[in-house]
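Observations on the three-dimensional arrangement
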Amino acid sequence: MPAEVLQQAATEMLDWQGSGMSVMEMSHRGQEFGRILEAAEADLRELLAVPAHFRILFMQGGGLAENAIVPLNLSRGESVDFVVTGSWSRKSFKEAGRYCQARVAASNEADQHTSLPAPATWQLDGKARYVHLCSNETINGVEAHELPDLKALGSDAPLVIDFSSHVASRSVDWSRVGLAFGGAQKNLGPAGLTLVVVREDLLGHALEACPTAFNYQTVAENRSMYNTPPTFAIYMAGLTFQWLKRQTEGALRGVAAMEARNIAKAELLYGCIDQSAFYTNSVAPDCRSRMNVPFFLRDESRNDAFLAGAKAAGLLQLKGHKSVGGMRASIYNAMPIEGVQALVAYMREFEQQQA
Ligand SMILES: *Cc1c(COP(=O)(O)O)cnc(C)c1O
């Protein structure tokens, strides 16, 4: 979370803008929360340049619930293609198999999830109801820097992206997307809020078994208020959207400014890793994630010393995911370049100490 956002929430905690209430105490149907929700939606639409024929839904259940909710709404129980590029898309594929005929159209398992299969090599099913891609594999550090153009591949299927871990870190080419979903907790706000951006023509096809509260059409018709939405999380995300709108890098504003900043952050860290014989990252350079940077010490017996020294220097949460091992630096939007500079300085110093 950006520190400024936390500060503002702290200031408004007991009394939101003279209302005499905390946001947590408001009726979700009241005027005050109505303003918060409307502003959050409008700001997000502006930030991500979401076209008018897409609906923005604020839901709950996280990315993992969407792994079921998407096939319940879009698959019609028929064939769905998955591009399996790491832990998250594998989970999505497995869960979808409970509701539809999930098939793997492409996979990078052969190289331990360190590459992105070229779209021209995907074995797409002409009858697939959608094609699922995790556009940033958080655990493996693999990011699709450009979204595939399925039409150019001869497919009419909508592309569904799980953009949980890089939403708002760069722009989205909506002409290539049918639906995007993501948990808020990495780049947008606290856990508990799930964002869904869905093209209007994909609404209204849910399976009979789809829970009403998870039917996109119902959620859209009720402006994300069919049931009580996660009001405080929406408020916090709304503050983050306002913060994002204020960000500038030279002439760039908002998400474009974040993208430039994220590129600079990632180049700094990957540059440090690549220049050193002490650290490695095995992800193919053309699909290295700008948000999640897994790396290894060539001598893994020094991992504990590395983490202890990092912690002492105020550099936290660097231990890699248990399925991958090593280290992982998650340098989300809220991480300033100074944080990455501090990490790189520590990495160089640790390397020298060990020499
Ligand atoms: C973190 C993450 C999720 C998380 O799902 P939750 O249900 O919110 O825990 C899903 N997909 C990706 C790509 C993620 O990074």
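None of the values given here were measured: they were computed from a predicted structure.

Take the sheet that holds strand β7 (residues 159-162) next. Taken together, 7 strands build an open sheet; the order of strands is β1-β9-β8-β7-β4-β2-β3 and the sheet is mixed. Both edges of this open sheet fall to β1 (54-59) and β3 (101-107), since each of them pairs with a single strand only. Put simply, the sheet's adjacent strands are angled 20° from each other on average, direction ignored. Inspection of the sheet shows strand β8 (residues 179-183) paired to strand β9 (residues 194-199) by 5 bridges, in the antiparallel sense. Paired with Gly 182 across the bridge in β9 is Leu 195.

A few words now on the site of the ligand. The local shell around the ligand holds 13 residues, among which Leu 64, Thr 138, Asp 162, Gln 185 and Lys 186 are the closest. Trp 88 places a polar side-chain atom, nitrogen or oxygen, 3.4 Å from an oxygen atom of the ligand. Contact with the protein chains covers 86% of the free accessible surface of the ligand, which is 390 Å². For the shell around the ligand, the leading source of residues is helix α3 (residues 62-74), giving 3 residues. Of the residues in the shell around the ligand, the class split is 3 nonpolar, 8 polar and 2 charged.

Across the sheet, which stays open at both edges, the 3 strands sit in the order β12-β13-β14 with antiparallel pairing between neighbours. Of all strands in the sheet, those with a lone pairing partner are β12 (279-280) and β14 (327-330), marking the two edges. The sheet strands contacting helix α7 (residues 254-275) are β12, β13 (292-297) and β14, and the helix crosses β13 at an angle near 20°.

Along its sequence, the chain is organised into domain 1 (3-246) and domain 2 (249-354). Relative to domain 2, the C-alpha centre of domain 1 lies at a distance of 26 Å. Taken together, the 26 residues of domain 1 in the interface contact 26 residues of domain 2. The contact between domain 1 and domain 2 buries some 2000 Å² in all, and 55% of this surface belongs to carbon and sulfur atoms. Area buried by domain 1 at its contact with domain 2 is led by Thr 114, Ile 139 and His 145, which between them contribute 25% of it. The tally of links between domain 1 and domain 2 comes to 0 salt bridges. The interface formed by domain 1 and domain 2 contains 12 residue pairs in polar contact (both at pLDDT 80 or more). Mapped by element, the contributors of at least two residues to the side of domain 1 that touches domain 2 are β6 (142-143) and α6 (231-246). With 3 residues, α6 is the single largest residue contributor to the side of domain 1 that touches domain 2.

What sets the pattern is the α-helix's 3.6 residues per turn: residues three or four places apart point alike. The terminal C-alpha atoms of helix α9 (residues 337-354), which comprises 18 residues, lie 26 Å apart, in line with the 26 Å expected from a rise of 1.5 Å per residue. Where α9 is concerned, the buried positions are Gly 339, Val 340, Leu 343, Val 344, Tyr 346, Met 347 and Phe 350. Angularly, the buried residues of α9 cover 160° about the axis, an arc narrow enough to put them on a single face. Summarising the geometry of α9, the exposed residues directed more than 90 degrees from the buried face are Glu 338, Gln 352 and Gln 353. Buried residues along α9 sit in contact with α7, β12, β13, α8 (303-312) and β14.

What counts and how
Residues numbered from 1 in each chain as written. Predicted model: local features only at pLDDT ≥ 70, side-chain atom pairs only at ≥ 80, totals over all residues. Heavy atoms only, no water. Pairing = 2+ DSSP bridges. Helix = DSSP H or I, 4+ residues; strand = E, 2+ residues; numbered from the N terminus. Axes fitted to C-alpha atoms, helices over the stretch in contact; angles between N-to-C directions. Near = heavy atom within 4 Å. Polar contact = N/O pair within 3.5 Å; in protein donor to acceptor, adjacent residues only side chain to side chain. Areas by Shrake-Rupley, 256 points an atom, 1.4 Å probe, with all protein chains shown as cover. Nonpolar A, V, L, I, M, F, W, Y, C, P; charged D, E, K, R; others polar. Contact = heavy atoms within 4.5 Å. Domains from an automatic or database assignment. Buried area = accessible area lost by both parts, 1.4 Å probe. Salt bridge = Lys/Arg side-chain N within 4 Å of Asp/Glu carboxyl O. Expected span 1.5 Å × (residues − 1). Buried < 20%, exposed > 50% of the residue type's maximum accessible area, 1.4 Å probe, protein only. Arc of directions from axis to C-beta.

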